[in-house]
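Working through the structure, step by step
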Amino acid sequence: MDLDRIDLAVVRELQTDGRLAYETLAQRVGLSRPATRARVQRLLESGAVRVVAVVHPAVRGLTASAHLSIDTRGPAETVAREIAAMPEAPFVSLTAGQRAVMAELRTEGFDALDRAIERVRSLADVSVVDPLIGIEHLKDPYLLAALTDVPELDETDRQILDELERDGRLPFADLAERVGLSPGATRSRTLRLLDGGVVKVLALVRPELLGMGYLCGFAVRVEGAREPVADALAGLERVSFLSACVGRAELVGTITAESLATVRATLDEMRGRAGVRGVESWVHLELVKERYDLGGPAA
(Lines give C-alpha, C1' and ligand atoms only; values in the text may rest on other atoms or scores of the structure.)
Protein backbone atom coordinates (compact mmCIF):
# COMPACT_ATOMS: atom_id res chain seq x y z
CA MET A 1 0.00 0.00 0.00
CA ASP A 2 1.40 3.40 -1.00
CA LEU A 3 0.85 6.27 1.45
CA ASP A 4 0.53 9.80 0.10
CA ARG A 5 1.48 12.99 1.94
CA ILE A 6 -1.87 13.23 3.74
CA ASP A 7 -1.80 9.56 4.76
CA LEU A 8 1.65 10.06 6.26
CA ALA A 9 0.46 13.13 8.16
CA VAL A 10 -2.50 11.16 9.55
CA VAL A 11 -0.25 8.27 10.59
CA ARG A 12 2.26 10.53 12.36
CA GLU A 13 -0.52 12.17 14.38
CA LEU A 14 -1.92 8.77 15.37
CA GLN A 15 1.54 7.53 16.34
CA THR A 16 1.57 10.27 18.96
CA ASP A 17 -2.06 9.92 20.08
CA GLY A 18 -4.06 7.02 18.70
CA ARG A 19 -7.32 8.31 20.22
CA LEU A 20 -7.08 11.75 18.64
CA ALA A 21 -10.61 12.97 17.79
CA TYR A 22 -11.45 13.05 14.09
CA GLU A 23 -12.22 16.76 14.29
CA THR A 24 -8.81 17.56 15.82
CA LEU A 25 -7.06 15.22 13.42
CA ALA A 26 -8.84 16.84 10.46
CA GLN A 27 -7.67 20.31 11.53
CA ARG A 28 -4.07 19.13 11.83
CA VAL A 29 -3.90 17.43 8.42
CA GLY A 30 -6.00 19.98 6.52
CA LEU A 31 -9.00 17.84 5.52
CA SER A 32 -12.68 17.79 6.37
CA ARG A 33 -13.81 15.54 9.20
CA PRO A 34 -15.57 13.02 6.87
CA ALA A 35 -12.53 12.85 4.58
CA THR A 36 -10.23 12.33 7.56
CA ARG A 37 -12.44 9.59 8.98
CA ALA A 38 -12.47 7.86 5.58
CA ARG A 39 -8.66 8.03 5.41
CA VAL A 40 -8.29 6.50 8.86
CA GLN A 41 -10.78 3.72 8.10
CA ARG A 42 -8.99 2.89 4.83
CA LEU A 43 -5.63 2.68 6.60
CA LEU A 44 -7.05 0.45 9.34
CA GLU A 45 -8.92 -1.85 6.95
CA SER A 46 -5.81 -2.30 4.79
CA GLY A 47 -3.88 -3.75 7.73
CA ALA A 48 -1.06 -1.29 7.10
CA VAL A 49 -1.90 0.55 10.32
CA ARG A 50 -3.21 -0.74 13.65
CA VAL A 51 -4.27 1.54 16.50
CA VAL A 52 -3.58 -0.34 19.72
CA ALA A 53 -3.53 0.25 23.45
CA VAL A 54 -0.25 -0.77 25.08
CA VAL A 55 -0.62 -1.27 28.82
CA HIS A 56 2.52 -0.54 30.83
CA PRO A 57 4.19 -3.90 31.63
CA ALA A 58 4.45 -3.03 35.33
CA VAL A 59 0.64 -2.73 35.50
CA ARG A 60 0.29 -6.25 34.12
CA GLY A 61 3.00 -7.47 36.49
CA LEU A 62 5.40 -8.06 33.59
CA THR A 63 8.50 -7.09 35.55
CA ALA A 64 11.08 -9.33 33.84
CA SER A 65 12.27 -9.29 30.23
CA ALA A 66 14.95 -10.82 28.03
CA HIS A 67 16.22 -10.56 24.46
CA LEU A 68 17.09 -13.96 23.00
CA SER A 69 19.54 -14.65 20.17
CA ILE A 70 18.59 -18.06 18.80
CA ASP A 71 20.21 -20.42 16.32
CA THR A 72 18.52 -23.40 14.68
CA ARG A 73 19.52 -26.76 13.23
CA GLY A 74 17.37 -26.31 10.14
CA PRO A 75 15.10 -23.66 8.63
CA ALA A 76 14.59 -20.84 11.11
CA GLU A 77 11.02 -19.89 10.20
CA THR A 78 9.44 -22.91 11.90
CA VAL A 79 11.24 -22.13 15.16
CA ALA A 80 10.36 -18.43 14.90
CA ARG A 81 6.65 -19.23 14.51
CA GLU A 82 6.72 -21.66 17.44
CA ILE A 83 8.20 -18.92 19.63
CA ALA A 84 5.70 -16.40 18.26
CA ALA A 85 2.90 -18.67 19.52
CA MET A 86 4.14 -18.14 23.09
CA PRO A 87 2.11 -15.43 24.88
CA GLU A 88 5.29 -14.34 26.67
CA ALA A 89 6.88 -13.33 23.34
CA PRO A 90 5.71 -9.92 22.07
CA PHE A 91 8.46 -9.69 19.44
CA VAL A 92 9.99 -12.35 17.14
CA SER A 93 12.11 -11.71 14.05
CA LEU A 94 14.04 -13.67 11.44
CA THR A 95 17.51 -12.16 11.18
CA ALA A 96 20.74 -12.13 9.21
CA GLY A 97 23.83 -12.21 11.37
CA GLN A 98 25.40 -14.58 13.85
CA ARG A 99 21.98 -15.96 14.88
CA ALA A 100 18.88 -16.80 12.83
CA VAL A 101 16.10 -15.63 15.18
CA MET A 102 15.74 -12.81 17.67
CA ALA A 103 12.94 -12.77 20.24
CA GLU A 104 11.85 -10.71 23.21
CA LEU A 105 10.18 -12.23 26.26
CA ARG A 106 8.23 -10.38 28.99
CA THR A 107 7.02 -12.29 32.05
CA GLU A 108 5.69 -11.99 35.58
CA GLY A 109 8.99 -12.19 37.44
CA PHE A 110 12.31 -13.89 36.84
CA ASP A 111 11.14 -17.40 37.73
CA ALA A 112 8.59 -17.20 34.92
CA LEU A 113 11.25 -15.71 32.64
CA ASP A 114 13.58 -18.64 33.36
CA ARG A 115 10.78 -21.10 32.54
CA ALA A 116 9.97 -19.29 29.28
CA ILE A 117 13.64 -19.33 28.21
CA GLU A 118 13.76 -23.06 28.96
CA ARG A 119 10.67 -23.58 26.78
CA VAL A 120 12.48 -21.89 23.89
CA ARG A 121 15.63 -23.89 24.57
CA SER A 122 13.65 -27.15 24.53
CA LEU A 123 12.12 -26.60 21.06
CA ALA A 124 13.16 -29.45 18.76
CA ASP A 125 15.21 -27.48 16.21
CA VAL A 126 16.77 -24.92 18.57
CA SER A 127 20.55 -25.34 18.88
CA VAL A 128 21.59 -22.14 20.73
CA VAL A 129 19.78 -19.69 23.01
CA ASP A 130 21.86 -16.70 24.15
CA PRO A 131 19.82 -14.45 26.48
CA LEU A 132 20.38 -10.83 27.44
CA ILE A 133 18.42 -10.19 30.63
CA GLY A 134 16.75 -6.79 30.66
CA ILE A 135 17.34 -4.39 33.55
CA GLU A 136 15.65 -1.21 32.34
CA HIS A 137 13.97 0.04 29.17
CA LEU A 138 15.77 3.28 28.34
CA LYS A 139 14.05 4.18 25.06
CA ASP A 140 10.89 2.49 23.88
CA PRO A 141 8.38 3.79 21.29
CA TYR A 142 5.59 1.79 22.95
CA LEU A 143 6.02 2.93 26.56
CA LEU A 144 5.74 6.13 28.51
CA ALA A 145 8.19 6.90 31.30
CA ALA A 146 8.74 4.21 33.91
CA LEU A 147 6.04 4.01 36.57
CA THR A 148 7.59 4.80 39.95
CA ASP A 149 4.41 3.57 41.69
CA VAL A 150 2.04 1.13 40.03
CA PRO A 151 -1.45 2.55 40.69
CA GLU A 152 -4.25 0.61 42.36
CA LEU A 153 -6.68 -0.46 39.65
CA ASP A 154 -10.19 -1.71 40.30
CA GLU A 155 -12.16 -4.13 38.14
CA THR A 156 -13.67 -1.33 36.04
CA ASP A 157 -10.21 0.11 35.29
CA ARG A 158 -9.07 -3.30 34.13
CA GLN A 159 -12.16 -3.72 31.96
CA ILE A 160 -11.39 -0.39 30.30
CA LEU A 161 -7.81 -1.52 29.62
CA ASP A 162 -9.03 -4.82 28.18
CA GLU A 163 -11.48 -3.08 25.85
CA LEU A 164 -8.86 -0.56 24.67
CA GLU A 165 -6.46 -3.41 23.93
CA ARG A 166 -9.10 -4.85 21.62
CA ASP A 167 -9.83 -1.50 19.94
CA GLY A 168 -7.69 1.53 20.76
CA ARG A 169 -10.13 3.96 19.08
CA LEU A 170 -13.30 2.60 20.68
CA PRO A 171 -15.61 5.61 21.22
CA PHE A 172 -16.29 6.60 24.84
CA ALA A 173 -20.03 5.91 24.39
CA ASP A 174 -19.35 2.32 23.28
CA LEU A 175 -16.70 1.86 25.93
CA ALA A 176 -19.14 3.11 28.59
CA GLU A 177 -21.77 0.60 27.51
CA ARG A 178 -19.29 -2.26 27.77
CA VAL A 179 -17.98 -1.38 31.23
CA GLY A 180 -21.30 -0.28 32.74
CA LEU A 181 -20.56 3.39 33.46
CA SER A 182 -21.88 6.68 32.12
CA PRO A 183 -19.94 8.15 29.15
CA GLY A 184 -18.70 10.99 31.36
CA ALA A 185 -17.41 8.68 34.08
CA THR A 186 -15.83 6.39 31.47
CA ARG A 187 -14.08 9.32 29.80
CA SER A 188 -12.75 10.54 33.17
CA ARG A 189 -11.42 7.09 34.07
CA THR A 190 -9.85 6.55 30.66
CA LEU A 191 -8.10 9.93 30.68
CA ARG A 192 -6.76 9.19 34.17
CA LEU A 193 -5.27 5.93 32.91
CA LEU A 194 -3.80 7.63 29.81
CA ASP A 195 -2.41 10.67 31.65
CA GLY A 196 -0.99 8.49 34.42
CA GLY A 197 1.11 6.42 32.03
CA VAL A 198 -0.85 3.24 32.71
CA VAL A 199 -1.74 2.84 29.03
CA LYS A 200 -0.71 4.41 25.75
CA VAL A 201 -2.83 4.34 22.60
CA LEU A 202 -0.87 4.69 19.39
CA ALA A 203 -0.69 3.63 15.76
CA LEU A 204 1.59 0.76 14.78
CA VAL A 205 2.77 1.08 11.18
CA ARG A 206 4.95 -1.17 9.09
CA PRO A 207 8.27 0.75 8.95
CA GLU A 208 8.71 0.35 5.20
CA LEU A 209 5.50 2.32 4.62
CA LEU A 210 7.15 5.29 6.32
CA GLY A 211 10.30 4.97 4.25
CA MET A 212 12.05 3.41 7.25
CA GLY A 213 12.19 -0.17 6.07
CA TYR A 214 15.61 -1.15 7.42
CA LEU A 215 15.71 -2.52 10.96
CA CYS A 216 19.02 -3.42 12.56
CA GLY A 217 19.47 -4.83 16.05
CA PHE A 218 22.61 -4.20 18.06
CA ALA A 219 24.28 -5.21 21.31
CA VAL A 220 26.89 -2.91 22.83
CA ARG A 221 29.69 -3.85 25.21
CA VAL A 222 30.62 -0.96 27.47
CA GLU A 223 33.95 -0.04 29.00
CA GLY A 224 33.47 1.74 32.32
CA ALA A 225 30.17 3.29 33.39
CA ARG A 226 27.13 2.28 31.33
CA GLU A 227 24.95 5.37 31.91
CA PRO A 228 26.92 7.93 29.84
CA VAL A 229 27.07 5.52 26.90
CA ALA A 230 23.37 4.73 27.22
CA ASP A 231 22.48 8.43 27.28
CA ALA A 232 24.55 9.07 24.16
CA LEU A 233 23.06 6.15 22.19
CA ALA A 234 19.49 6.95 23.26
CA GLY A 235 20.02 10.42 21.82
CA LEU A 236 20.78 9.10 18.33
CA GLU A 237 17.84 9.83 16.02
CA ARG A 238 17.80 6.42 14.33
CA VAL A 239 17.99 4.44 17.58
CA SER A 240 14.33 3.60 18.15
CA PHE A 241 14.73 1.19 21.08
CA LEU A 242 17.35 0.81 23.80
CA SER A 243 17.47 -1.37 26.90
CA ALA A 244 20.06 -1.91 29.63
CA CYS A 245 20.83 -5.59 30.15
CA VAL A 246 23.20 -8.16 31.61
CA GLY A 247 24.87 -10.97 29.68
CA ARG A 248 27.30 -10.74 26.79
CA ALA A 249 26.55 -7.00 26.47
CA GLU A 250 25.40 -4.08 28.61
CA LEU A 251 23.01 -2.47 26.09
CA VAL A 252 20.71 -3.88 23.40
CA GLY A 253 18.63 -1.93 20.92
CA THR A 254 17.23 -1.33 17.45
CA ILE A 255 18.10 1.05 14.62
CA THR A 256 15.21 2.01 12.31
CA ALA A 257 16.47 3.68 9.13
CA GLU A 258 15.67 4.60 5.56
CA SER A 259 18.69 2.85 4.00
CA LEU A 260 21.50 0.42 4.71
CA ALA A 261 23.90 3.34 4.36
CA THR A 262 22.15 5.07 7.28
CA VAL A 263 22.28 1.86 9.30
CA ARG A 264 26.01 1.59 8.64
CA ALA A 265 26.60 5.25 9.52
CA THR A 266 24.69 4.87 12.80
CA LEU A 267 26.67 1.75 13.75
CA ASP A 268 29.93 3.57 12.97
CA GLU A 269 28.81 6.51 15.09
CA MET A 270 28.17 4.08 17.97
CA ARG A 271 31.60 2.49 17.61
CA GLY A 272 33.20 5.91 17.79
CA ARG A 273 31.53 6.88 21.07
CA ALA A 274 33.61 7.09 24.23
CA GLY A 275 33.06 4.07 26.46
CA VAL A 276 31.97 1.72 23.66
CA ARG A 277 34.16 -1.38 23.69
CA GLY A 278 32.38 -3.28 20.91
CA VAL A 279 29.20 -3.43 18.83
CA GLU A 280 27.52 -6.61 17.56
CA SER A 281 24.78 -6.12 14.95
CA TRP A 282 22.20 -8.05 12.95
CA VAL A 283 19.62 -7.18 10.29
CA HIS A 284 15.93 -7.98 10.79
CA LEU A 285 14.77 -9.75 7.63
CA GLU A 286 11.15 -10.41 8.60
CA LEU A 287 9.07 -9.44 11.62
CA VAL A 288 7.21 -12.60 12.52
CA LYS A 289 5.44 -11.04 15.50
CA GLU A 290 5.20 -7.56 16.99
CA ARG A 291 2.29 -7.41 19.42
CA TYR A 292 3.01 -5.26 22.45
CA ASP A 293 -0.74 -4.83 22.90
CA LEU A 294 -1.40 -8.40 24.02
CA GLY A 295 -1.35 -7.76 27.77
CA GLY A 296 -0.22 -10.42 30.20
CA PRO A 297 0.62 -14.09 29.59
CA ALA A 298 -3.02 -15.07 29.93
CA ALA A 299 -4.00 -12.92 26.94
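Source: prediction; values computed, not measured.

Along the chain, Thr-72 falls in strand S2 (residues 64-72). Looking at Thr-72, its side chain comes within polar contact range of the main-chain oxygen of Gly-74, at 2.7 Å.

This part is about the packing of helix H2 (residues 22-29) against helix H3 (residues 33-46). Between H2 and H3, the shortest axis-to-axis distance is 9 Å and the interhelical angle comes to 100 degrees. Between H2 and H3, the crossing angle belongs to the class labelled roughly perpendicular. Contacts from Tyr-22, Glu-23, Leu-25, Ala-26 and Val-29 in H2 reach Arg-33, Thr-36, Arg-37, Val-40 and Gln-41 in H3. When the residues that make up the contact of H2 with H3 are grouped by side-chain class, the tally is five nonpolar, two polar and three charged.

Where charged atoms from two side chains of opposite charge approach closely, those side chains can pair. This structure, assessed with the given rule, holds 24 salt bridges. Close ionic contact of Arg-81 with Glu-77 constitutes a salt bridge, the shortest N to O distance being 3.0 Å. With a gap of four residues between them, Arg-81 and Glu-77 both fall in helix H4 (residues 76-84), about one helical turn apart. Several salt bridges converge on common partners, so that one network encompasses Asp-4, Asp-7, Arg-39 and Arg-42.

Before going further, it helps to spend a moment on the environment of Glu-118. With respect to the helices and strands, the residue Glu-118 is situated in helix H5 (residues 110-121). Placed eleven residues apart in sequence, Glu-118 and Val-129 show a C-alpha to C-alpha distance of 9.1 Å.

Structural remark: α-helix, 3.6 residues per turn; residues separated by three or four positions point the same way. Taking 1.5 Å of rise per residue, twelve residues should cover 16 Å, and helix H1 (residues 5-16) covers 17 Å from first to last C-alpha, within 8% of that figure. Taken together, the buried positions of H1 are Ile-6, Asp-7, Leu-8, Val-10, Val-11 and Leu-14. Where H1 is buried, its residues contact H2, H3, strand S1 (49-55) and strand S6 (199-205).

Turning to the confidence of the model for the protein chain, a few remarks are in order. For the protein chain, mean pLDDT is 91; residues scoring 70 or higher make up 94% of the total. Confidence over residues 294-299 falls short of pLDDT 50; this stretch has twelve contacts with residues more than four positions distant or in other chains.

Right, let's talk about the pairing of strand S7 (residues 214-222) for a bit. The buried count for S7 comes to seven of nine residues, which makes it a mostly enclosed element. In this structure, S7 lies alongside strand S9 (residues 251-257), joined through seven bridges in antiparallel fashion. Each residue of the ladder has a partner; that of Val-220, found in S9, is Leu-251. In the sheet, S7 pairs with strand S10 (residues 276-290) via seven bridges, with the strands oriented antiparallel. From the neighbouring strand, Phe-218 faces S10, where its bridge partner is Ser-281.

Direction vectors running N to C along H1 and H3 enclose 80 degrees, while the axes themselves pass 11 Å from each other. Between H1 and H3, the crossing angle belongs to the class labelled roughly perpendicular. Residues Ile-6, Asp-7, Val-10, Val-11 and Leu-14 of H1 touch H3, and the partners they reach there are Arg-39, Val-40, Arg-42 and Leu-43. A per-class count over the contact of H1 with H3 returns six nonpolar, no polar and three charged.

Within the secondary structure layout, Thr-107 lies in strand S4 (residues 101-107). A polar atom in the side chain of Thr-107 sits 2.9 Å from the backbone oxygen of Gly-109. Residues within four places of Thr-107 in sequence aside, it is in contact with Gly-61, Leu-62, Thr-63, Ala-64, Glu-88, Ala-112, Leu-113 and Ala-116.

So, about the pairing of S1. Of all seven residues in S1, six are buried, a share of seventy percent or more. Alignment of S1 against S6, held across seven bridges, turns out to be antiparallel. The partner of Arg-50 across the bridge, within S6, is Leu-204.

A word on the nonpolar core. Counting 32 residues, the largest nonpolar core has Val-10, Leu-14, Leu-25, Val-49, Leu-161 and Leu-193 as its most contacted members. For this core, the elements supplying multiple residues, two or more each, are H1, H2, H3, S1, helix H6 (155-166), helix H7 (172-179) and S6. Examining the composition of this core, we find that five residues originate from one element, H1, more than from any other. Ignoring any residue separated from it by four or fewer positions in sequence, one finds Leu-14 in contact with Leu-25, Val-40, Val-51, Arg-169, Leu-202 and Ala-203. Leu-68, Val-79, Ala-89 and Leu-94 belong to the second-largest nonpolar core, a separate cluster that totals 25 residues.

What counts and how
Residues numbered from 1 in each chain as written. Predicted model: local features only at pLDDT ≥ 70, side-chain atom pairs only at ≥ 80, totals over all residues. Heavy atoms only, no water. Helix = DSSP H or I, 4+ residues; strand = E, 2+ residues; numbered from the N terminus. Polar contact = N/O pair within 3.5 Å; in protein donor to acceptor, adjacent residues only side chain to side chain. Axes fitted to C-alpha atoms, helices over the stretch in contact; angles between N-to-C directions. Parallel < 35°, antiparallel > 145°, perpendicular 65-115°, else oblique. Contact = heavy atoms within 4.5 Å. Nonpolar A, V, L, I, M, F, W, Y, C, P; charged D, E, K, R; others polar. Salt bridge = Lys/Arg side-chain N within 4 Å of Asp/Glu carboxyl O. Expected span 1.5 Å × (residues − 1). Buried < 20%, exposed > 50% of the residue type's maximum accessible area, 1.4 Å probe, protein only. pLDDT = per-residue confidence, 0-100. Pairing = 2+ DSSP bridges. Core = buried A, V, L, I, M, F, W, Y, C linked by side-chain atoms within 4.5 Å.

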